[in-house]
Amino acid sequence: MSVFQLLYLIAAALFILALKWMSSPATARRGVISGEIGMLLAVIGTLMRHEVFNYEWIVIALLVGTAIGVPLAILMPMTHVPQRTAISQACGAFASALIGSAEYYRQFPHGFVMVALCIEMLLGFLTTTASLMAFGKLNEMLPSRPVVYKGQNFVNLGLLGVAIIIGGMLVAHPENTVLFPIFVGLALIFGVLLIIPIGGADMPTVIALLNSYAGLSACAMGFALDNKLLIIAGALDGSSGFILSIIMCRAMNRSFTNVLFGGFGQLAVSAGATEAKPVRSASPEEAAMILEDARSVVIIPGYGMAVAQAQHKIRELHDLLTKRGVDVKFAIHPVAGRMPGHMNVLLAEADVPYDKLIEMDDINSEMGMTDVALIVGANDIVNPAAKNDPGSPIAGMPILDAYKARTVMIIKRGMSAGFAGIDNELYYMPNTLMLFGDAKSFVASLVKEIGAAVGA
Amino acid sequence: MNYEFGFYVFMLAAFLGFELIRKVSPLLHTPLMSLTNAIASISVVGAILISGEKGASTLSHVLGFIAVVSATTNLVSGYLITDRMLKMFKKREPQGK
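Being a predicted model, the structure only gives us computed values, none of them experimental.

Caption draft 1: Just the overall build of chain B, in detail. Looking only at helices and strands, chain B features 4 helices and 0 strands. Element order for chain B, N to C, with α for helix and β for strand: α-α-α-α. For chain B, the C-alpha radius of gyration of 19 Å lies well beyond 13 Å, the compact-globule estimate for 97 residues. Seen along its three principal axes, the alpha-carbon backbone of chain B occupies a region of about 65 × 35 × 15 Å. Per-residue burial for chain B yields a buried fraction of 62% across its 97 residues. Of the contacts formed within chain B by residues at least 6 apart in sequence, a portion of 64% connects residues at least 24 apart.

The following block contains the structure:
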C-alpha cells in the first residue's frame, strides 16, 4: 500500500466520522473539522501520486477556487443559505461532469468504464443546470411559481430516455464522437426542464435530491477511475441527500414522483374563488397586550420570516416575553422555509437557544394548552384544510396544530394565498387575529410596546 | 480492475450513510446538507488527476483546470459556511445573557 492509498483510507474514515458527529449540535463542529482534515488528506495524497506532473496549473486552480469559495461562504447572509447551497452544488456537479468529459476524450474507454462515465456525466450535467435553475428560483431571478404545460412529463421523460439511449450508443461505440456533444446537451437541457415545474415550497426536497445526484456522480467517477475514496464519499453524499428528500416528502405527505412531476399549486387556482369572509384584525398595541397576558406562547416561523429577515426582532420578542415569565417556544415544521432545517439556522443566527426549537410532533401535543400561537410568515404548514378537507391539494400533509391554541395571531402582509394557492380557513376562525404588516416591522412594534410596559 | 469489490464498497458506504443520516436531528439538517455538499467535492481528486497528467491534450488540461476550480469553490465554500452555521448553534439558559 502506498502513502496516498493510506491517506485515502484515513480520509474515508474521517468522512464517516464527520457524518457521525453531525448527529448532535454538541459534536457537530468536530464533525466539520474532521471532514476538512479528510478532504485535506485526500488532496495531499492525490498531489503525491506519481501520475500527477503539472503542479503550476493545479496550484493556480486551487487558489482561484479558494478565491471564489471564501467570499461565497463569508459574505452570504444566512437567509441566502439555500441559494448558496444550490450554486455550490452546481460547481461540484459541473466539476464531476467535466472530469467525465476529459476522461472520455483522453482514452475513449470501452465497457464498464464507459458506462460509469456516462452515468457520471449524465448526473453531473443535469445536476449542474438543475442547481443553477434552483438557484435562480430561490434568488427570485426566475419566477418561483411552477411552470407547467400539457405533456410536460412526456417531454421530460422522453428527453431523458433519448439521453440514455445516446449514452448507450456511446457505450457501444465510444469512438463516435459526434454523439458526445448531443449527449451532453440533452443532459443539460433535462436539468433545466426538471426544475421548471417545481415551485419554491418544494425546494427543500429538490435541493436534497440534487445533493444526492451530485454524490452519485462522484461515486460513478470512483468506479470509472477505480478509486474507492470517491466511491465511499459519493455514496455517503448520495444516501444522505436521498434520505433527506424522503424526510421532506414525508413531511408533506407526498411521493417523490409527485414532487418531481406534480406541478404543485396549479390544480387549486380555479377552486380558490371564495366569497370574501370577515376576518378580525388587531393593532400592535392590542396584540402586545394579549402576548403580555399569556402564560405560554408558541411562535411558528415560516418562509415569510426569512424574506422579511425578522429573526432578530423575533428573538428580542422571545427575550422580553421570557423575562416577563411567559413560556416561549418555537414550533418548527420540517418543510418550513426553502431548505431542510432552514428555520433552525435562521433562529440560531439570531441567538435563539436551540433547545427552544421544538419539532412538529412534540409541539403538537402541547398546542391545546397554549395561550397564543404567533404565526410569522407561515401559511400552508398551519392550514387546517390539510386535516379537514380531503379535497384540498394539501390534504394529508402533517401540519402544526396552531388552530388548537386559545388565540391564534397571524402576521401577514395581506390576505393572499400561500404557496399552494389555496385559502387558509385558519384566518376566518373566531379565535384568530390577523396582524397585517411586514413581519419585521410588526414584530419590532410588538417589542416596543411590550418593552415600554416592562420598562415602566 | 475488480468492479465487484467496488460495488461492495458502494453498498456498505450507502447503508452506513443511511444509518448515520437518520440519526441527525432535524435541527441540523441545513448544516448537514452543506457538509455533505462539501464532501461531494471529493471530485477534486479526480480533477487533480486529470489536469496534472503528463502528456494530456490541451483539451483535458483546460477541462481539468476548470474542474479543479469549480470543485475547490464547492469545497471551500461548503466547509466554511457549515462551520459558520454551526458556530451559531448554542444552548443557553433562558435568562442568561
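Caption draft 2: Layout of the nonpolar core. One finds Phe15, Ala134, Ile300, Ile375 and Val376 of chain A together with Val68 of chain B to be the most contacted residues of the largest nonpolar core, which totals 196 residues. Among all residues touching Ile300 of chain A, those that are not within four sequence positions of it are Ala331, Ala373, Leu374, Ile375, Val376, Ala378, Val382, Leu400 and Ala402 of chain A.

Caption draft 3: Structural context of the environment of His333 of chain A. Structurally, His333 of chain A can be placed in the loop between strand S2 (327-332) and helix H14 (342-349). Once residues lying within four places of it in the same chain are set aside, the contact partners of His333 of chain A are Met360, Ile381 and Leu400 of chain A.

Caption draft 4: Spotlight on the packing of helix H5 (residues 111-138) of chain A against helix H6 (residues 152-172) of chain A. Residues and elements named next belong to chain A. With their axes 9 Å apart at the nearest point, H5 and H6 run at an angle of 150° to one another. The orientation of H5 with respect to H6, classified from their angle, is roughly antiparallel. The way H5 lies across H6 gives a crossing that is right-handed. Contacts between H5 and H6 involve Met114, Val115, Cys118 and Leu122 on the former and, on the latter, Ala163, Gly167, Leu170 and Val171. Of the residues assigned to the contact of H5 with H6, the class counts are 7 nonpolar, 1 polar and no charged.

Caption draft 5: Focus on the interface of chain A and chain B. Contact with chain A, which involves 100 residues of that partner, is made by 80 residues of chain B. Per-element tally for the side of chain A that touches chain B: the top contributor is helix H4 (residues 81-107) of chain A, with 17 residues. A breakdown of the residues in the side of chain A that touches chain B according to their chemical character gives 60 nonpolar, 27 polar and 13 charged.

Caption draft 6: A look at the packing of H5 of chain A against helix H8 (residues 203-224) of chain A. All names here are of chain A. Between H5 and H8, whose axes approach to 8 Å, the crossing angle comes to 155°. With respect to their mutual orientation, H5 and H8 come out roughly antiparallel. Crossing geometry of H5 relative to H8 is assigned as left-handed. Contact with H5, carried on its side by Val113, Ala116, Leu117, Ile119, Glu120, Leu123, Gly124, Thr127, Ala130, Ser131, Ala134 and Leu138, involves Met203, Val206, Ile207, Leu210, Tyr213, Ala214, Leu216, Ser217, Ala220, Met221, Phe223 and Ala224 of H8 and no other residues of that element. In terms of residue class, the contact of H5 with H8 is built from 19 nonpolar, 4 polar and 1 charged.

Caption draft 7: Expanded view of the confidence of the model for chain A. With 94% of its residues at a pLDDT of 70 or more, chain A shows a mean pLDDT of 87. Below a pLDDT of 50 lies the segment residues 264-274 of chain A, which in the model reaches 22 contacts outside its immediate sequence neighbourhood of four places, other chains included.

Caption draft 8: Just unusual backbone geometry, in detail. Residues and elements named next belong to chain A. The backbone phi angle of Asp226 is positive, close to 50°, even though this residue is not glycine. In this structure, Asp226 sits in the loop between H8 and helix H9 (228-251). Assessed through the 15 C-beta atoms surrounding it within 10 Å, Asp226 is described here as partly exposed. With a phi close to 75°, Asp351 is a non-glycine residue in the positive phi region. By secondary structure assignment, the location of Asp351 is in the loop between H14 and strand S3 (357-359).

Caption draft 9: Expanded view of the sheet that holds S3 of chain A. Residues and elements named next belong to chain A. Taken together, 6 strands build an open sheet; the order of strands is S3-S2-S1-S4-S5-S6 and the sheet is parallel. Two strands bound the open sheet, and with one partner strand each, they are S3 and strand S6 (432-436). Strand-to-strand twist across the sheet, computed as the mean angle between neighbouring axes with direction ignored, equals 25°. Across 5 bridges, strand S4 (residues 372-376) lies against strand S5 (residues 407-412) in parallel orientation. Residue Ile375 lies in a different strand from S5, and its bridge partner there is Ile410. Sheet strands touched by helix H13 (residues 311-323): strand S1 (296-301), S2 and S4. Its angle to S2, the strand with the most contacts, is close to 145°.

Caption draft 10: A look at the pairing of S5 of chain A. All names here are of chain A. The buried fraction of S5 amounts to 5 of the 6 residues, a majority that puts the element mostly inside the structure. Taken together, the 5 bridges between S5 and S6 define a ladder with parallel strand orientation. The partner of Ile410 across the bridge, within S6, is Met434.

Caption draft 11: Quick peek at the confidence of the model for chain B. Residue and element names in this part refer to chain B. Scored by pLDDT, chain B comes out at a mean of 87, with 92% of its residues at no less than 70. Every residue in residues 93-97 scores below 50 in pLDDT, and together they form 1 contact with partners more than four places removed in sequence or on other chains. Per the prediction output, this complex has pTM 0.86; the corresponding ipTM is 0.92.

Caption draft 12: The environment of Val326 of chain A, seen in detail. Residue and element names in this part refer to chain A. Mapped onto the secondary structure, Val326 falls in the loop between H13 and S2. On a C-alpha basis, the gap between Val326 and Ser131 in space is 43 Å, while along the polypeptide they are 195 residues apart. Excluding its chain neighbours within four sequence positions, the residues that come into contact with Val326 are Ala294, Arg295, Ser296, Val297 and Leu321.

Caption draft 13: Region of the structure containing helix H1 (residues 3-21) of chain A. Across its 19 residues, H1 of chain A extends 27 Å between first and last C-alpha, which sits within 8% of the 27 Å expected from 1.5 Å per residue. All of the buried residues along H1 of chain A are Phe4, Leu7, Tyr8, Ala11, Ala12, Leu14, Phe15, Ile16, Ala18, Leu19 and Trp21 of chain A. Considering only its buried residues, H1 of chain A is in contact with helix H2 (28-48) and H9 of chain A together with helix H1 (3-22) and helix H2 (29-39) of chain B.

Rules used throughout
Residues numbered from 1 in each chain as written. Chains lettered and ligands numbered in written order. Predicted model: local features only at pLDDT ≥ 70, side-chain atom pairs only at ≥ 80, totals over all residues. Helix = DSSP H or I, 4+ residues; strand = E, 2+ residues; numbered from the N terminus. Rg over C-alpha atoms; globule rule 2.2 N^0.38 Å. Buried ≥ 20, exposed ≤ 12 C-beta atoms within 10 Å, placed from the backbone. Contact = placed C-beta atoms within 7 Å. Core = buried A, V, L, I, M, F, W, Y, C linked by C-beta atoms within 7 Å. Axes fitted to C-alpha atoms, helices over the stretch in contact; angles between N-to-C directions. Parallel < 35°, antiparallel > 145°, perpendicular 65-115°, else oblique. Left-handed = near helix turned anticlockwise from the far one by under 90°. Nonpolar A, V, L, I, M, F, W, Y, C, P; charged D, E, K, R; others polar. pLDDT = per-residue confidence, 0-100. Pairing = 2+ DSSP bridges. Expected span 1.5 Å × (residues − 1).

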